[in-house]
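Working through the structure, step by step
The primary structure of each chain is shown beneath.
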There are 2 protein chains.
Amino acid sequence: MTIREILDKALAEGRAALTAPEGRRICQEYGIATPGEGLATTADEAVRLAEELGFPVVLKIVSPDILHKTDAGGVLVGLRNAEEVASGYAQILANATAYDPEASVDGIQVQQLVGGGHEVIIGAVTDPTFGKVVAFGLGGVLVEVLKDVTFRLAPLSGDDALGMLDDIRAAEVLRGARGAEPASREALAQMIERVGALVGDFPEIAEVDLNPVFAGPDGAVAADVRILIGEPPREKTRIPREKILEQMTRIFKPRSIAVIGASAEQGKIGNSVMRNLINGGYQGQIFPINPKAADIMGLPAYKSVADVPYDVDVAVFAIPAAFVPPALEQVGEKGVAGAIMIPSGFAETGNVEGQAEIVEIAARHGVRMLGPNIYGYYYTPENLCATFCTPYDVKGGVALTSQSGGIGMAILGFSRTTKMGVSAIVGVGNKADVDEDDLLTFFEQDDHTRAVAMHLEDLKDGRGFVEAARRVVRHKPVIVLKAGRTAMGARAAGSHTGALAGDDKVYDDILRQAGVVRAPGLNDMLEYARSLPLMPTPQGENVVIITGAGGSGVLLSDACVDAGLTLMDIPDDLDQAFRAYIPPFGAAGNPIDITGGEPPSTYENTVRLGLTDPRIHALVLGYWHTIVTPPMVFAELIAGVVQEEREKGNVKPVVASLAGDTEVEEACEYLFDHGVVAYPYTTEKPVAVLGAKYRWARAAGLL
Amino acid sequence: MTIREILDKALAEGRAALTAPEGRRICQEYGIATPGEGLATTADEAVRLAEELGFPVVLKIVSPDILHKTDAGGVLVGLRNAEEVASGYAQILANATAYDPEASVDGIQVQQLVGGGHEVIIGAVTDPTFGKVVAFGLGGVLVEVLKDVTFRLAPLSGDDALGMLDDIRAAEVLRGARGAEPASREALAQMIERVGALVGDFPEIAEVDLNPVFAGPDGAVAADVRILIGEPPREKTRIPREKILEQMTRIFKPRSIAVIGASAEQGKIGNSVMRNLINGGYQGQIFPINPKAADIMGLPAYKSVADVPYDVDVAVFAIPAAFVPPALEQVGEKGVAGAIMIPSGFAETGNVEGQAEIVEIAARHGVRMLGPNIYGYYYTPENLCATFCTPYDVKGGVALTSQSGGIGMAILGFSRTTKMGVSAIVGVGNKADVDEDDLLTFFEQDDHTRAVAMHLEDLKDGRGFVEAARRVVRHKPVIVLKAGRTAMGARAAGSHTGALAGDDKVYDDILRQAGVVRAPGLNDMLEYARSLPLMPTPQGENVVIITGAGGSGVLLSDACVDAGLTLMDIPDDLDQAFRAYIPPFGAAGNPIDITGGEPPSTYENTVRLGLTDPRIHALVLGYWHTIVTPPMVFAELIAGVVQEEREKGNVKPVVASLAGDTEVEEACEYLFDHGVVAYPYTTEKPVAVLGAKYRWARAAGLL
């Protein structure tokens, strides 16, 4: 039987699982080794088979009348030579006869007994977000108690499969820790790759469990195979990238905007949107739509978008949910590119049908819909504030998106207080249509955007996201705050959005595989967003700490290790060069402790050396507030030195931790304004953002 | 031989390790089971012994002439019955004769072959900071690759030993995960306890390794024993607690202070100290000491402290290191209680002798010395700013100490910008005399201090610290930022202070055992310090999230899990009670999502219900900035409700995360001023500080 036939038969019989022989047959087709076996009808045949397979072997009765083989004395394990097999054969037949004299016996199965080497698990599951996913872990306690397992999208390349072997915590074990023989990495990677190919080729295979797989230096054998089948997951329909780009470009750079439900009355959403568009400085045409007003805020109003005598790129909806469908029909007929669906009262309040209805209308007309249930969106290069929140105008390199309105408000407040330079802030709300993939596709080619930060609770199309993210991260960092990280969190996400609770380990592994920088929390996402666009890309892994406070140096070292950064092992000549600038009781090495009472020149000399020596790739500065080098003197000095060296081509990330009285806050602000990432009262944040930059640079293949 | 005799013999022979029989003998004395064994001189005797010990057994030749037993064919493993033992006996003798016909043979050792069950490691080491420490871990890969091991001070109680079994990550394994038989917890705990007793009783035992120990349901046997010996660690001399308290009280509440090196000249440290004492509002007497001035800042100056015609409690040193020794002699002769040794130029610059000299002088006179190499200290209840930094006057409940001056400055800046209420800020610098133990002893009984936060890079006397901390944490939280957490960090600490690099896992386990709340970073320590004194102690584990922003709710849930908090499983009646206040599409359960557009009354009703229902023990609030409930309305409302309920006896910790535009910053400030911990733009911080409060409450035995 072919695999197709096996699956069709099982599906036709309404089975959810394949039998063990079916499973082994499929493995055979895909070159996945299972224990050798054969059917013997005489004792001599059993001995010959056992000799071919290699000892030890297992003997099992094959009889349609004996279901519980062990009860019938029909199984013997670990027979070690011809003699034992021959007598075992006779024994089993005798046992069977004693058990059921009427039983018809087809023969005795002789099976190779595998074991020894390393016990691992290789499998595949169908994830609700990502579809077919392969899993790999060490067997036994490690995977079952410590959950030491890793996931990848299926199908996958042999290199990706090899990478999985290193992604478990106990990776060292497979390499032969404690004098054990190493497992064949090639054999394991091949088996993972083949499982990935299998579930890729046959989407009706819902789950594969090769458990245990025994892996030695020469190969790997799947001792037990379990295959579950079911409905293949529905294919996601995808809009071609060029089409998305065309749609998104009309939405982010509209020549004209209609405000459905524009109002002159303060406090109304339709009034806030109008004011923000006008006060934000948007230079395109604005068409207030209101059946009862002749003009609104000095602009001629129209009863319907159909009445607007010009092309309309974007329609911002500021009307109650109940009135949306007919208005959206008109918007569709008008050929509008984007419907910004601010109204709530759709799926998030249980009105799933209402949401389905507007999705259908938008799709029928080719209108891309943002939302519903959003605050709107900002795009600063166009001075565009299509939102009921307050305008925001600090232009800069980061585009932020949020699934939740509350988080969107936090983004806005944080941006304003830190003067974060922003290209876009976008609410995606219920994500009934436009999602992160669409936005990534636009931000990828948007020269104003140098980093993307996304808050998300779920992904509509996990694979679409991974595909888009992989493309984008080659050019700019993508930061993701995935809410619902924990089991409890996932439960909350479920109750909030109706999204299926994803297993965070799957998300984590696959987002990392996509090259995304995952932020552990909201504040981290905001700080990464603020800092990453300011930092040049490091050209290598060598990080050097230069500190005026020894105490900060120790904490900065701790933070570097936490952030996965490599403290450079300073070569002797460089050590001597640093020593020339610092007091004899200062500590060279790394951290370089210039000691606390030093004048600005010591900071300047050491930082300049750090920037000019090509073996150093990034600097972490620890400043200690003293009378000799006050905070603003330090800030101006460092900003100047970094600027001068950048102009000379010495372009490296520099981050600083400032310890001191409140003047250090002003100094940090000055440094940020001059492109140097600097934080007061914390040694962790500056290092964490540098670590995030490095994670991106590594994922982008730039290191 | 007694243990004493074994150790004396080994020490006399200059050995660093005991022999295996010596090790087993010692185990026997302490009731630590090792495999049974005996010496046989005939085959019959070997068989009888094997039958007594139980099969399988190991046979080993015993001959002074045969060192490499295996090479001589003198070892047989796994003999399973009398026959095998008898023939094995003969075989070994024959092998030995063939190997060396001249060898004299004492007999053949018959040893029980142990194995099976769980393989664990039990040991003890001599830690440079904490002295004798016991270790426990699962054997094999788990301890060697994943470093899954835990430490405790030795000796320890049986309960503490039982606790160790649960402190490893793979604890579940011992309980019989995956259908395996569980290990006897009592037997393992007993063995740990006995190893602890052994190294406690015999400090010359430097290291014990029972590895592997095989543990089954009925007991545990140490299959291999290795004992290393060496110099016993030096006993630390400790000042009695009452004496410390008397000394520290004179230092923190001095009736008079002399400033050695007081100066009228701006920019001099002796001038800053004078100004800070006077401007800070210190009400005791101040005596400027300066050989050349008649008066300084309006106060009569003295040539020497000897000339002061009053008692002096504290002398603040503001003179160069070289002039310290004679001045300290005078201070000692004067009967001063505390020398605040601001000058640097001692051990931190390599001047170890100079530091030893002043330690000796101070000790000889019974003067307690703070520093050297410090910024001084603050004690706000006495309006005391004995420092060259700027005064600080926001009185409150937290006492902070720092080993590093830079970190001290960060404490000061953070305090000022957040208006953190402080009782004391103390620099300990080189810790040549006064250390954290002394300070804890004072803060323990100081009613002005409700929490203690300490930055430290090392501990002079780890056990002294643990003893003091255990006492203090029963009454108030002790927060510790231990710098040099990581391997790299520890290296930096080494270069900075000359402190021995401690293994962070030992620190971590033992600090936790002491009930200390460890802060992962500087900013965390500062935020814990700021928030913990404001929060009442929770009375149970049930945490409830009430949020206006569903998105924040998910992130707050994630943060709760990260912080080790328990999201309450809301009983049906309580769920109904909450539902009565929230819109039908809001989500009850936990988080309670009141939805975004709600008026103040919804926040008020749900928060009040959370405060009054006795089954709820702590609240986490998520606020979403809307026009309906603006930030300051929310802040005033919550502060009011919390205050009202506190007055009615509903005293619970309440923390809040505010998502919104910049007005939320003012709202957070207002909430903090009114005793409600609140942070803008972060869902992590408010939950992290609540988690820290819970960690303390659990450690203090209050939950």
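- Taking an unreviewed UniProt entry as the reference, chain A is identified by name as Acetyl coenzyme A synthetase (ADP forming)-like protein belonging to Nonomuraea africana.

1. So, the overall build of chain A
- On a plain count of helices and strands, chain A comes out with 24 helices and 30 strands.
- Along the three orthogonal principal directions, the C-alpha set of chain A runs to about 100 × 80 × 35 Å.
- In chain A, which comprises 703 residues, the share counted as buried stands at 58%.
- Contacts in chain A between residues far apart in sequence, at least 24 positions, make up 70% of those at least 6 positions apart.
- About 26,400 Å² of surface is accessible on chain A, with carbon and sulfur atoms providing 51% of the total.
- Of note, chain A has its 61 positive side-chain charges centred 5 Å away from the centre of its 92 negative side-chain charges.

2. Some thoughts on the relation of the copies chain B and chain A
- Overlay of chain B on chain A (RMSD 0.1 Å): rotation 180°, translation along the axis 0.0 Å. The transformation relating the two chain copies, once decomposed into turn and shift, fits a two-fold axis.

3. Looking at the sheet that holds strand β1 (residues 37-40) of chain B
Residue and element names in this part refer to chain B.
- Reading across the sheet, the 4 strands line up as β1-β4-β2-β3 and stay open at both edges, with antiparallel pairing between neighbours. At either end of the open sheet lies a strand with only one pairing partner, and these are β1 and β3 (75-79). Within the sheet, the average angular offset between the axes of one strand and its neighbour, ignoring direction, is 20°.
- Inspection of the sheet shows β1 paired to strand β4 (residues 107-112) by 4 bridges, in the antiparallel sense. Residue pairing across strands places Leu39 opposite Gln109, the latter belonging to β4.
- Packing against the sheet, helix α3 (residues 43-53) makes contact with β1, β2 (57-62) and β4, and its axis sits at approximately 170° to β1.

4. Brief notes about the UniProt feature "domain: ATP-grasp" (unreviewed entry) in chain A
- Residues given the UniProt feature "domain: ATP-grasp" (unreviewed entry) here are residues 24-60 of chain A.
- Annotated as 46% helix and 22% strand, the span residues 24-60 of chain A places its first and last C-alpha atoms 16 Å apart.

5. Looking at the packing of helix α3 (residues 43-53) of chain A against helix α4 (residues 82-99) of chain A
Residues and elements named next belong to chain A.
- Running from N to C, α3 and α4 cross one another at 140°; their axes reach a closest spacing of 9 Å. Between α3 and α4, the angle is such that the two are oblique. The two elements α3 and α4 cross, and the hand of that crossing is right-handed. Of α4, the residues touching α3 (which contributes Ala43, Ala46, Val47, Ala50 and Glu51) are Ala82, Val85, Ala86 and Tyr89.
- Taken together, the residues of the contact of α3 with α4 break down into 8 nonpolar, no polar and 1 charged.

6. Here we look at the environment of Phe317 of chain B
- Take Phe317 of chain B: it is sitting in strand β15 (residues 314-317).
- The residues touching Phe317 of chain B, leaving out its near neighbours within four places in the chain, are Ile260, Val324, Ala327, Leu328, Val331, Ala339, Ile340, Met341, Ile342 and Pro343 of chain B.

7. Digging into the pattern of salt bridges
Residues and elements named next belong to chain A.
- Tallied over the entire structure, the rule returns 87 salt bridges over all chains.
- Residue Arg185 is joined to Asp166 by a salt bridge in which the shortest nitrogen-to-oxygen separation is 3.1 Å. A residue pair is termed long-range when its members are at least 10 positions apart, and Arg185 in helix α8 (residues 185-201) and Asp166 in helix α6 (residues 158-167) qualify at 19 residues.
- Judged by its relative accessible area of 18%, Arg185 is buried.
- For Asp166, a relative accessible area of 35% translates into the label partly exposed.
- In this structure, Glu467 and Arg238 form a salt bridge, with 3.7 Å as the shortest nitrogen-oxygen distance. Of the two residues, Glu467 sits in helix α15 (residues 462-473) while Arg238 sits in the loop between β10 (225-229) and α9 (241-252), which places them 229 residues apart along the sequence.
- By relative accessible area, which is 47% here, Glu467 ends up partly exposed.
- A cluster of three or more residues bridged by salt bridges with shared partners is formed by Arg152, Asp167, Lys505, Asp509 and Arg512.

8. A short note on the state of the cysteines
Residue and element names in this part refer to chain B.
- Taken as a whole and judged by the stated rule, the model has 0 disulfides over all chains.
- The thiol sulfur of Cys385 is not disulfide-bonded, and the nearest other cysteine sulfur, from Cys389, lies at 10 Å.
- Here Cys385 falls in the buried class, since its relative accessible area comes to 1%.
- You can see Cys668 has no disulfide; the closest cysteine sulfur is in Cys560, sitting 17 Å from it.

9. Examining the sheet that holds strand β22 (residues 451-456) of chain A
Residue and element names in this part refer to chain A.
- The strand order across the open sheet built from 7 strands is β19-β18-β21-β20-β22-β23-β24, with neighbouring strands paired in mixed fashion. The open sheet has two free edges, formed respectively by β19 (384-387) and β24 (517-518), since each of these has just one partner strand.
- In this structure, strand β23 (residues 478-482) lies alongside β24, joined through 2 bridges in parallel fashion. Note on β24: the bridge partner recorded for Val480 is Arg518.

10. Re the side chain of Lys693 of chain B
Residues and elements named next belong to chain B.
- Inspection of the secondary structure assignment puts Lys693 in helix α24 (residues 684-699).
- One buried charged side chain, Lys693, makes no salt bridge at all; its nearest oppositely charged neighbour is Glu541, positioned 14 Å away.
- Beyond its immediate chain neighbours, meaning those up to four positions away, Lys693 contacts Leu532, Met535, Pro536, Thr537 and Pro538.

11. Some words on the interface of chain B and chain A
- Tallying the contact residues gives 74 residues for chain B and 74 residues for chain A.
- In total, chain B and chain A occlude about 5,900 Å² of area from one another, counting both sides; carbon and sulfur atoms represent 65% of this.
- Where chain B meets chain A, there are 2 salt bridges.
- Arg416 of chain A is the salt-bridge partner of Asp661 of chain B, the closest N and O atoms lying 2.8 Å from each other.
- Where chain B touches chain A, the interface holds 16 residue pairs in polar contact (both at pLDDT 80 or more).
- Where the side of chain B that touches chain A is concerned, the elements lending two or more residues are α5 (141-144), α7 (171-174), α13 (405-418), β23 (478-482), α16 (487-497), α18 (522-531) and α19 (550-562) of chain B.
- With 10 residues, the single largest contributor to the side of chain B that touches chain A is α13 of chain B.

12. Here's the deal with the packing of aromatic side chains
All names here are of chain A.
- Tallied over the full model, the rule gives 28 aromatic pairs over all chains.
- Summarising the aromatic geometry, the rings of Phe287 and Tyr302 are spaced 5.9 Å apart at their centres and angled 75° between planes, so their arrangement reads as edge-to-face. With Phe287 in strand β12 (residues 285-289) and Tyr302 in the loop between β14 (299-300) and β15 (314-317), this residue pair connects regions lying 15 residues apart in the sequence.
- For Phe287, a relative accessible area of 4% gives the class buried.

13. Some remarks on the environment of Tyr89 of chain A
All names here are of chain A.
- Along the chain, Tyr89 falls in helix α4.
- When the C-alpha positions of Tyr89 and Gln111 are compared, they lie 13 Å apart, and in sequence the two are 22 residues distant.
- Those residues in contact with Tyr89, other than ones at most four positions away along the chain, are Ala40, Thr41, Thr42, Ala43, Ala46, Leu59 and Ile108.

14. Regarding the confidence of the model for chain A
Residues and elements named next belong to chain A.
- Scored by pLDDT, chain A comes out at a mean of 92, with 97% of its residues at no less than 70.
- Of the regions scoring below 50 in pLDDT, residues 488-502 engages in 29 contacts with residues more than four places distant in sequence or in other chains.
- Among the scores for the predicted complex, ipTM is 0.91 and pTM is 0.92.

15. Details of the nonpolar core
- Core analysis: the biggest nonpolar cluster contains 150 residues, and Phe252, Tyr377 and Phe465 of chain A together with Leu658 of chain B have the highest contact counts within it.
- Considering each element in turn, this core owes the most residues, 8 residues, to helix α22 (residues 631-647) of chain B.

16. Structural notes on α3 of chain B
Residue and element names in this part refer to chain B.
- Listing the buried residues of α3 in full gives Ala46, Val47, Leu49 and Ala50. Down the axis of α3, the buried side of the element spans an arc of 165°, and every buried residue falls inside it. Of the exposed residues in α3, those oriented more than 90 degrees away from the buried face are Asp44 and Glu52.
- Buried residues along α3 sit in contact with β1, β2, α4 (82-99) and β4.

17. Brief notes about the environment of Arg695 of chain B
All names here are of chain B.
- Note that Arg695 resides in helix α24.
- Taking the C-alpha atoms as reference points, Arg695 and Leu565, 130 residues apart in sequence, are found 9.2 Å from one another.
- Residue contacts for Arg695: discarding those within four places in its chain leaves Val517, Arg518 and Tyr528.

18. Brief notes about the side chain of Arg185 of chain A
- Reaching out from Arg185 of chain A, the side chain makes a polar contact with the side chain of Asp166 of chain A at a distance of 3.1 Å.
- If we skip the residues at most four places from it in the chain, Arg185 of chain A touches Leu162, Leu165, Asp166 and Arg175 of chain A.

19. Some remarks on helix α23 (residues 663-673) of chain B
All names here are of chain B.
- Looking at α23, one finds that the buried residues are Val664, Ala667, Cys668, Leu671 and Phe672. The arc enclosing the buried residues of α23, seen along the axis, measures out at 135°, which places them on a common side.
- Residues of α23 that are buried in the fold lie against α18, β28 (618-624), α22, β29 (654-659) and β30 (677-680).
- Phi turns positive one or two residues past the end of α23, at Gly675, with a value near 80°.

Each value, and the rule that gives it
Residues numbered from 1 in each chain as written. Chains lettered and ligands numbered in written order. Predicted model: local features only at pLDDT ≥ 70, side-chain atom pairs only at ≥ 80, totals over all residues. Heavy atoms only, no water. Helix = DSSP H or I, 4+ residues; strand = E, 2+ residues; numbered from the N terminus. Buried < 20%, exposed > 50% of the residue type's maximum accessible area, 1.4 Å probe, protein only. Contact = heavy atoms within 4.5 Å. Areas by Shrake-Rupley, 256 points an atom, 1.4 Å probe, with all protein chains shown as cover. Lys, Arg positive; Asp, Glu negative; His and termini not counted. Charge placed at Lys NZ, Arg CZ, Asp CG, Glu CD. Least-squares fit on C-alpha atoms with pLDDT ≥ 70 in both. Pairing = 2+ DSSP bridges. Axes fitted to C-alpha atoms, helices over the stretch in contact; angles between N-to-C directions. UniProt positions renumbered as here; feature names shortened; annotations may be inferred. Parallel < 35°, antiparallel > 145°, perpendicular 65-115°, else oblique. Left-handed = near helix turned anticlockwise from the far one by under 90°. Nonpolar A, V, L, I, M, F, W, Y, C, P; charged D, E, K, R; others polar. Salt bridge = Lys/Arg side-chain N within 4 Å of Asp/Glu carboxyl O. Disulfide = S-S within 2.5 Å. Buried area = accessible area lost by both parts, 1.4 Å probe. Polar contact = N/O pair within 3.5 Å; in protein donor to acceptor, adjacent residues only side chain to side chain. Phe/Tyr/Trp six-rings, centres within 6.5 Å; stacked < 30°, edge-to-face > 60°. pLDDT = per-residue confidence, 0-100. Core = buried A, V, L, I, M, F, W, Y, C linked by side-chain atoms within 4.5 Å. Arc of directions from axis to C-beta.

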